[in-house]
Amino acid sequence: MKAAGCTAILFSSLLFGLNMIYLKKKNIEEIKQIILFLSQLKTSLEFSLKSPLELFEDVRNNKNLSFIDRSLELFNKGWPLEDAFNYSIKEERFIQKSEKELLCALFSFFGLYDKQTQEKRFDFLIREFEQLLLRKEDELIKKERLYPIFTISIGIGAIIVLI
């Protein structure tokens, strides 16, 4: 009975460490998708005479970011687009707080200024997310082996305390 309990503790602690790695990798993938989304939105802005909402809808069809679909659903229910976007970003699970704040800054300028100013701000946002992506990838490389070892060590400590 004790052996089964010990095995369960070790197994669950290993799974916890692997889950932490999965969440970090998922966050990195989301950042890559955000960079593509912002780049495509910027390009569409440069070469199109469409309204910000039309550009947003066009770009949405090409990316698999759930907050875009959710924000457009809320917009269609009568929410202002900026509020719908900000609410959808804040509800996103795999995007961390600092990334959410950067994304919410998008609607502080999108559709409000001339194209050159918007392009400069898009460049700034894209650069920020690219730097963030590099930091996250470096962090994952450094901690990818550490998480399972650390969580298994905690599991072994828990077993020792319980025995």
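To be clear, the structure that these remarks concern was listed above.
Now for a quick tour of the structure. (Residues numbered from 1 in each chain as written. Predicted model: local features only at pLDDT ≥ 70, side-chain atom pairs only at ≥ 80, totals over all residues. Heavy atoms only, no water.)

**Description of the nonpolar core**
Filter applied, for reference: By nonpolar core is meant a set of buried Ala, Val, Leu, Ile, Met, Phe, Trp, Tyr and Cys residues that side-chain atoms within 4.5 Å join together. We call a residue buried when its accessible area falls under 20% of the maximum for its residue type, exposed when it is over 50%, and partly exposed in between, using a 1.4 Å probe and counting protein chains only. Put simply, DSSP marks the helices as runs of H or I at least four residues long and the strands as runs of E at least two long, and each gets a number from the N terminus on. Contacts are residue-level and defined by heavy atoms, with any inter-residue pair within 4.5 Å sufficient.
Residues Phe37, Leu38, Phe67, Leu106 and Phe129 are the most contacted members of the largest nonpolar core, which totals 34 residues. Counting only elements with at least two residues in this core, the list comes to helix 1 (2–47), helix 2 (52–60), helix 3 (66–76), helix 4 (81–91), helix 5 (97–104) and helix 6 (115–143). Once residues within four sequence positions are removed from consideration, Leu38 is found in contact with Leu106, Phe122, Leu125, Ile126 and Phe129.

**A word on the environment of Leu15**
For Leu15, the position within the fold is in helix 1. Counting along the chain gives 120 residues from Leu15 to Arg135, while the straight-line C-alpha distance between them is 25 Å.

**Some remarks on the packing of helix 3 against helix 4**
Our working rule: Simply put, an axis is a line fit to the C-alpha atoms, just over the touching stretch for a helix, and the angle between two N-to-C directions goes from 0 to 180 degrees. When an angle is under 35 degrees it counts as roughly parallel; over 145 it counts as roughly antiparallel; between 65 and 115 it counts as roughly perpendicular; any other value is oblique. Crossing handedness: left-handed means the near helix sits turned counterclockwise from the far one by under a right angle, and right-handed means the same turn made clockwise. Put simply, Ala, Val, Leu, Ile, Met, Phe, Trp, Tyr, Cys and Pro go in the nonpolar bin, Asp, Glu, Lys and Arg in the charged bin, and everything else, Gly too, in the polar bin.
Following both chains from N to C, one finds helix 3 and helix 4 inclined at 140°, their axes separated by 8 Å at the closest point. In this view, helix 3 runs oblique relative to helix 4, as classed from their interaxial angle. For the element pair helix 3 and helix 4, the recorded crossing hand is right-handed. Packed against helix 3, whose contacting residues are Phe67, Arg70, Ser71, Leu72, Leu74 and Phe75, the element helix 4 presents Leu81, Ala84, Phe85, Tyr87, Ser88, Ile89 and Glu91 at the interface. The residue inventory of the contact of helix 3 with helix 4, partitioned by class, reads nine nonpolar, two polar and two charged.

**Concerning the pattern of salt bridges**
Put simply, the test is: Whenever a carboxyl oxygen of Asp or Glu lies within 4 Å of a side-chain nitrogen of Lys or Arg, that contact is scored as a salt bridge.
As enumerated under the stated definition, the model contains nine salt bridges in all. Here the salt bridges do not stand alone but share partners, grouping Lys24, Glu139 and Lys143 into one network.

**Quick notes on the packing of aromatic side chains**
Two descriptors summarise a pair of aromatic rings, namely the distance from one centre to the other and the angle between the planes of the rings. How we decide: Whether two aromatic rings pair depends on their centres lying within 6.5 Å, for rings of Phe, Tyr and Trp, where Trp uses its six-membered ring; planes under 30 degrees apart make the pair stacked, over 60 edge-to-face, and the rest tilted.
Within the structure shown, the criterion is met by three aromatic pairs. Seen in terms of ring centroids, Phe67 and Phe85 are 5.7 Å apart; in terms of plane orientation they differ by 75°. Their pairing is edge-to-face. With Phe67 in helix 3 and Phe85 in helix 4, this residue pair connects regions lying 18 residues apart in the sequence. Judged by relative accessible area, which is 0%, Phe85 ranks as buried. Among the aromatic residues, ring-to-ring pairing joins Phe37, Phe67 and Phe85 into one connected group.

**So, the environment of Glu99**
With respect to the element layout, Glu99 can be found in helix 5. You can call Glu99 buried: its relative accessible area is 0%. In sequence terms Glu99 and Ser39 are 60 residues apart; their C-alpha atoms lie 16 Å from each other. Aside from chain neighbours lying at most four places away, what touches Glu99 is Asn27, Ile31, Phe94, Phe129, Leu132 and Lys136.

**Details of the side chain of Ser88**
As for its position among the elements, Ser88 is in helix 4. Taking the relative accessible area as the measure of exposure, Ser88 reaches 0% and is therefore buried. Beyond its immediate sequence surroundings of up to four residues, Ser88 is in contact with Phe67, Arg70, Ser71 and Leu74.

So yeah, pure geometry; function would need other evidence.
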